[in-house]
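# Examining the three-dimensional arrangement
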Amino acid sequence: MVHRCLWLSLAVITREATFAWIPAFRLAHRHSMTTTGSSLGAQVGIFFGTSTGSTQTAADLIHQAFGPEVSSEPVDIDTVEAGDLAQVFAEYDALVVGTPTWNTGADSERSGTGWDELYYTKLPELKDIMKAKKVAVFGLGDQSSFAENYADASGELFDVFCEMGCTMLGSWSQEGYEHEDSKAIRGEKFCGLMLDFVNQEELSEERVRRWVAQLKEEGILGLDSGVALAVATDGIVAGISSTADSPAALDAQKVNGQKASVSETLSESSSSLEKELTTGSALMDATIANHSMGGFIAHTNHLTRKTMWTSADGRKSFVTTERTITGLTP
């Protein structure tokens, strides 16, 4: 399902705390945009926040499902300089963003990662360049220990990108999950893919595969050539049908008549050639058979595709050449 609120987020929740926990440690050094690990020519940029590494594991699965041809190597949002965000995000046609949930139950800044420092400061400044950009969200959570706040931070990540005017993709069914409530629910579905590495780890890989397939169907990579051609063809046919008496329509009818005539001619030529080949083959078989009855022995050169037939006494001989003739198909 595509939401016109403009969303895409990767929210990965590994474990959630029942209190507002603020990480005591932040990366002291942030890399510049030249070290984010983006793939040259990738259409989809994958960004995540993490405290224990589980969200990165999920991001890696998503990258593998998309394939390196169309998606970037996952980038930890903590390694991107805030001032480089605009240029980094602009490199991609679409984004997949993810986060864990640590500040369970908090009203805001629930990820416990670098996303919290960007939500209401730097990201809103990108509204102009992010408008209409396709975005999808994924998140991790613990349905057993935090059943009432499962993957809460994913919802906030979703909302922030939605408010920037992004086109949000990838809403996901709650079927098969064991949570009681979540701030990541929009309507009757999750706002993106939710994973549980604690209680349902064995389901993660298949969920990722299906979700990425869904994103492709929703158009995260844009119209493929097959779809575009089908749309264009339908438009042309519809246009000709609606203007049957126009010069363009008459020209089209003339071309179609010429094509039918050529097809008929080719069909007749193919039939005639087939008859000639059949007759020639029968004559050759008869000739070979007559000589064979006289005791002729075959000596075949597979490189030249020629066969010399010699009589038993060595006084007579003749040569045949193997030929491959391809018939015409109208």
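Numbering of residues begins from 1 in every chain and follows the order in which that chain's sequence is written. Owing to the predicted nature of the model, reporting of local features is limited to residues with pLDDT of at least 70; listing and counting of side-chain atom pairs is limited to 80 or more, with chain, interface and lining totals taken over all residues. Side-chain numbers come from the whole structure's heavy atoms, not from hydrogens or water.

### Regarding the overall build of the protein
Helix and strand definitions follow DSSP, with helices as H or I runs of at least four residues and strands as E runs of at least two, each counted in order from the N terminus. Each helix and strand in the protein was counted, giving 7 helices and 11 strands. Within the span of the protein, comprising 330 residues, buried residues form 42% of the whole. In what follows, residue pairs with any heavy atoms lying within 4.5 Å of each other are defined as contacts. Nonlocal contacts in the protein, meaning residues at least 24 apart in sequence, comprise 76% of its contacts between residues at least 6 apart. Exposure classes here rest on a 1.4 Å probe applied to the protein chains alone. A residue is buried below 20% of its type maximum, exposed above 50%, and partly exposed in between.

### Some thoughts on helix 1 (residues 54-66)
Spanning 13 residues, helix 1 covers 19 Å between terminal C-alpha atoms, matching the ideal 18 Å at 1.5 Å per step. Tucked into the core, helix 1 has its buried residues touching strand 1 (44-48), strand 3 (94-99), strand 4 (134-140), strand 8 (193-195) and helix 5 (204-217). Phi turns positive, to about 95°, at Gly67, one or two residues after helix 1. Expected span of a helix, by definition, is 1.5 Å for each gap between consecutive residues, and there is one gap fewer than residues.

### Side note on the pairing of strand 1
Among the 5 residues in strand 1, 5 count as buried, and that is most of the element. Neither face of strand 1 is left uncovered, since the one carrying Val44, Ile46 and Phe48 and the one carrying Gly45 and Phe47 both have all their residues buried. Bridge count between strand 1 and strand 3: 5 bridges; the pairing is parallel. Note that in strand 3 the partner of Phe47 across the bridge is Val97. As defined by bridge partners, strand 1 adjoins strand 2 (residues 75-76) across 2 bridges and the pair is classed as parallel. Considered in strand 2, the bridge of Phe47 is made with Val75. For crossovers, right-handed means that the path from the first strand over the helix to the second runs clockwise, given strands pointing away from the viewer. Since strand 1 and strand 2 lie parallel, the crossover through helix 1 that links them has a hand, and here it is right-handed. Only when DSSP finds a minimum of two bridges between them are two strands counted as paired.

### Some details on the pattern of salt bridges
Salt bridge criterion: a side-chain nitrogen from Lys or Arg within 4 Å of a carboxyl oxygen from Asp or Glu. As enumerated under the stated definition, the model contains 3 salt bridges in all. Salt-bridge contacts for Asp159 lead to Arg186; the nearest nitrogen and oxygen are separated by 2.9 Å. Remark: Arg186 occurs in strand 6 (residues 185-186) and Asp159 occurs in helix 4 (residues 152-163); sequence separation between them is 27 residues. A relative accessible area of 29% means that Asp159 is categorised as partly exposed. Judged by its relative accessible area of 23%, Arg186 is partly exposed. Put simply, Glu206 and Arg209 hold a salt bridge, and the shortest N to O gap is 2.6 Å. Linking Glu206 with Arg209, this pair stays in helix 5, spanning 3 residues, or about one helical turn. Under the relative-accessibility criterion, Glu206 is labelled partly exposed at 37%. For Arg209, a relative accessible area of 48% translates into the label partly exposed.

### Considering the nonpolar core
Phe89, Val96, Trp115, Leu123, Phe138 and Phe161 are the most contacted members of the largest nonpolar core, which has 57 residues in total. Discounting residues that sit within four places of it in the chain, Phe89 has contacts with Phe47, Leu95, Leu123, Leu126, Met130, Lys133 and Phe161. What we call a nonpolar core is a set of buried Ala, Val, Leu, Ile, Met, Phe, Trp, Tyr and Cys residues that are connected through their side-chain atoms within 4.5 Å.

### Some remarks on the confidence of the model for the protein
Confidence in the prediction of the protein, expressed as mean pLDDT, is 76, and 59% of residues score 70 or more. In the predicted structure, residues 224-246 sits below a pLDDT of 50 and forms 7 contacts with residues beyond four places in sequence or in another chain. One confidence number per residue, pLDDT, is output by the predictor and ranges from 0 to 100.

### Regarding the packing of helix 1 against helix 5
Following both chains from N to C, one finds helix 1 and helix 5 inclined at 55°, their axes separated by 9 Å at the closest point. Taken as axis vectors, helix 1 and helix 5 run oblique relative to one another. When the axes of helix 1 and helix 5 are compared, the crossing they make is right-handed. Side by side, helix 1 and helix 5 meet where Leu61, Ile62, Ala65 and Phe66 of the first sit next to Val208, Trp211, Val212, Leu215 and Lys216 of the second. Residues of the contact of helix 1 with helix 5, tallied by class, amount to 8 nonpolar, no polar and 1 charged. Between N-to-C directions, angles cover 0 to 180 degrees, with each direction set by a line fitted to C-alpha atoms, over the stretch in contact for helices. Relative orientations are named as follows: roughly parallel for angles under 35 degrees, roughly antiparallel for angles over 145 degrees, roughly perpendicular for angles from 65 to 115 degrees, and oblique for any other angle. Left-handed describes a crossing in which the near helix is turned anticlockwise from the far one by less than a right angle; the clockwise case is right-handed. Polar here means any residue outside two lists: the nonpolar Ala, Val, Leu, Ile, Met, Phe, Trp, Tyr, Cys and Pro, and the charged Asp, Glu, Lys and Arg; Gly therefore counts as polar.

### A closer look at the packing of aromatic side chains
Two aromatic rings, drawn from Phe, Tyr or Trp (for Trp, its six-membered ring), form a pair once their centres lie within 6.5 Å of each other, and the interplanar angle then sorts them: stacked below 30 degrees, edge-to-face above 60, tilted otherwise. The full count for this structure, using the stated rule, is 8 aromatic pairs. Ring geometry for Phe47 versus Tyr92: centroids 6.0 Å apart, planes at 75°, classification edge-to-face. Remark: Tyr92 occurs in the loop between helix 2 (85-90) and strand 3 and Phe47 occurs in strand 1; sequence separation between them is 45 residues. For Phe47, a relative accessible area of 0% puts it in the buried group. Residue classification places Tyr92 among the buried positions, given a relative accessible area of 3%. Here the aromatic cluster, defined as three or more aromatic residues joined through ring pairs, consists of Phe47, Phe89, Tyr92, Trp115 and Phe161.

### Quick look at helix 5
Counted at 1.5 Å a residue, the expected span for helix 5 with its 14 residues is 20 Å, and the 20 Å between its end C-alpha atoms agrees. By the burial criterion, the buried members of helix 5 are Ser204, Arg207, Val208, Trp211, Val212, Gln214 and Leu215. An end-on view of helix 5 places all buried positions within 155° of arc, on one side of the element. The exposed residues of helix 5 that point more than 90 degrees off its buried face are Glu205 and Glu217. In this description, the arc belongs to the directions extending from the helix axis to the C-beta atoms.

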